[in-house]
Amino acid sequence: ITFEVDDEAARQYKPGQYVKLSVPSISGISHPFTVNPVLSRNKQESNQMRLIFRATGQFTRSLSKSILDPAASASSERTVLAPHMVMDGFYGQSNLVEKVLGYDVGVIVAG
């Protein structure tokens, strides 16, 4: 999911932060997603950000289906729209990378 942010939001973003995504037509609960800036040579597109996810759970499978096949969830044949999405954030420690780089050794565990 690629989206535009204003200049202030782009300045506030720090690597490692996430947003909470709410899609009312799929779930009443907000879900956390890591957000990444879209690198661009074009100055006009420098405020784009992207959520990258794998459709593994019920929410992400439904979200993927509604984005990739919006006609399936449209109320009429003439209206083809992606679902309404609300993002809140950025959340998470904005200086985590700097903290880790302050040590001689860092251990990163992923699972």
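Below: a short report on this structure. Remember, predicted model here, so these are calculated numbers, not experimental data.

## Section: the nonpolar core
Core analysis: the biggest nonpolar cluster contains 14 residues, and Phe33, Val35, Met49, Leu51 and Phe90 have the highest contact counts within it. Within the residue set of this core, elements represented by two or more residues are strand E2 (18-22), strand E3 (31-37), strand E4 (48-51) and helix H2 (58-68). For Phe33, the contacting residues outside a window of four places in its chain are Tyr18, Val19, Leu21, Leu51, Phe53, Phe59, Thr60 and Leu63.

## Thoughts on the sheet that holds strand E5 (residues 86-91)
Strand order in this open sheet of five strands is E1-E4-E3-E2-E5, and the pairing throughout is antiparallel. Looking at strand neighbours, the two that pair on one side only are strand E1 (2-4) and E5, the edges of this open sheet. Within this sheet the neighbouring strands show an average axis-to-axis angle of 35 degrees, counted without direction. Sheet analysis places E1 next to E4, joined by three bridges and oriented antiparallel. Within E4, the residue paired with Thr2 across the bridge is Arg50. Against the sheet, H2 engages E2 and E3, with an angle of about 55 degrees to E3.

Scoring rules and cut-offs
- Residues numbered from 1 in each chain as written.
- Predicted model: local features only at pLDDT ≥ 70, side-chain atom pairs only at ≥ 80, totals over all residues.
- Heavy atoms only, no water.
- Core = buried A, V, L, I, M, F, W, Y, C linked by side-chain atoms within 4.5 Å.
- Buried < 20%, exposed > 50% of the residue type's maximum accessible area, 1.4 Å probe, protein only.
- Helix = DSSP H or I, 4+ residues; strand = E, 2+ residues; numbered from the N terminus.
- Contact = heavy atoms within 4.5 Å.
- Pairing = 2+ DSSP bridges.
- Axes fitted to C-alpha atoms, helices over the stretch in contact; angles between N-to-C directions.

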